[in-house]
Amino acid sequence: MLIAVDFDGTIVEHAYPAIGKPIPFAIDVLKRLQAEGHMLVLWTYRTGPLLDEAVQYCRERGVEFYAVNRSFPEEEWTDDAPRKIDADYFIDDKNIGGLPDWAEIYRIIRYGNTESAAYDNNTIETIQSRQTKKKKGFFSKLFE
């Protein structure tokens, strides 16, 4: 799969234009995804020297990107080129609901929709066992 990954707030904490502290397990999961054959694209607001710093930061930690701010390395980038990446997954802290922890991100990519499996010491439970747990609705939580 082609996986687009943001940098600030996703791989490292927000400190733009500086590079923030590493987000726990981000690099570990990215390296594992690469080892499993996934292609990673760095998809970030950064450009120029700030982008080079982000790429170098990841490279020094063992993450090499298939492409940077484009869908594939040979893609010509011009000022009027779209910044939309053609990826299977987008990992970004600006997702609705925010950034899940990196273990959950790995599970989603590795096993698909996390609603279809729960994880307990590498044992997969079925949907049925998860659905037996009654969830409180939004309004119930508000008026507890």
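Residues numbered from 1 in each chain as written. Predicted model: local features only at pLDDT ≥ 70, side-chain atom pairs only at ≥ 80, totals over all residues. Heavy atoms only, no water.

K.L.:
Mind showing me how you'd approach the pairing of strand E1 (residues 2–5) here?
P.N.:
Consecutive side chains of a regular strand alternate in pointing toward one face of the sheet and then the other. Here E1 shows no split at all, with Leu-2 and Ala-4 on one side and Ile-3 and Val-5 on the other all buried. Pairing between E1 and strand E2 (residues 39–42): four bridges, direction parallel. In the sheet register, Ile-3 faces E2, and the bridge partner there is Leu-40. Since E1 and E2 lie parallel, the crossover through helix H1 (residues 26–35) that links them has a hand, and here it is right-handed. Strand direction decides the pairing type here: E1 and strand E4 (residues 89–91), joined by three bridges, are parallel. Note that in E4 the partner of Ala-4 across the bridge is Phe-90. (Buried < 20%, exposed > 50% of the residue type's maximum accessible area, 1.4 Å probe, protein only. Helix = DSSP H or I, 4+ residues; strand = E, 2+ residues; numbered from the N terminus. Pairing = 2+ DSSP bridges. Right-handed = clockwise from strand over helix to strand, strands pointing away.)

K.L.:
Even after reading the chapter, I still don't get the side chain of Asp-6, so can you show me in this structure?
P.N.:
Its location among the elements puts Asp-6 in the loop between E1 and H1. Buried within the structure, Asp-6 lacks any salt-bridge partner; Lys-94 is the closest side chain of opposite charge, at an N-O distance of 7.2 Å. Only 3.3 Å separates the side chain of Asp-6 from the side chain of Thr-10, close enough to count as a polar contact. Excluding its chain neighbours within four sequence positions, the residues that come into contact with Asp-6 are Ile-11, Leu-42, Trp-43, Thr-44, Ile-91, Asp-92 and Asp-93. (Lys, Arg positive; Asp, Glu negative; His and termini not counted. Salt bridge = Lys/Arg side-chain N within 4 Å of Asp/Glu carboxyl O. Polar contact = N/O pair within 3.5 Å; in protein donor to acceptor, adjacent residues only side chain to side chain. Contact = heavy atoms within 4.5 Å.)

K.L.:
Teacher, can you tell me more about the sheet that holds E1 here?
P.N.:
Strands sit in the order E3-E2-E1-E4 across an open sheet of four strands; the sheet is parallel. This sheet does not close on itself; its edge strands, each paired only once, are strand E3 (67–68) and E4. This element, helix H3 (residues 102–111), spans E1 and E4 of the sheet and lies at about 180° to E4. (Axes fitted to C-alpha atoms, helices over the stretch in contact; angles between N-to-C directions.)

K.L.:
Just to check I follow, could you spell out the nonpolar core for this structure?
P.N.:
Within soluble globular proteins, side chains that are nonpolar generally end up buried alongside one another. Core analysis: the biggest nonpolar cluster contains 25 residues, and Phe-7, Ile-11, Leu-42, Cys-58 and Trp-102 have the highest contact counts within it. Apart from the residues lying within four places of it in its own chain, the contact partners of Ile-11 are Val-5, Asp-6, Pro-22, Ile-23, Ala-26, Ile-27, Leu-30, Leu-42, Tyr-57, Cys-58 and Phe-65. Of all hydrophobic cores here, the second largest spans six residues; its members include Leu-2, Val-41, Ala-67 and Ala-87. (Core = buried A, V, L, I, M, F, W, Y, C linked by side-chain atoms within 4.5 Å.)

K.L.:
Looking at this model, I keep getting lost on the confidence of the model for the protein. Mind explaining?
P.N.:
Keep in mind that low pLDDT regions are not for reading the predicted coordinates in detail. A residue-level look at the protein finds 70% of positions with pLDDT of 70 or above and a mean pLDDT of 80. Segment residues 116–134: pLDDT under 50, and 17 contacts once partners within four positions in sequence are set aside and those in other chains are kept. (pLDDT = per-residue confidence, 0-100.)

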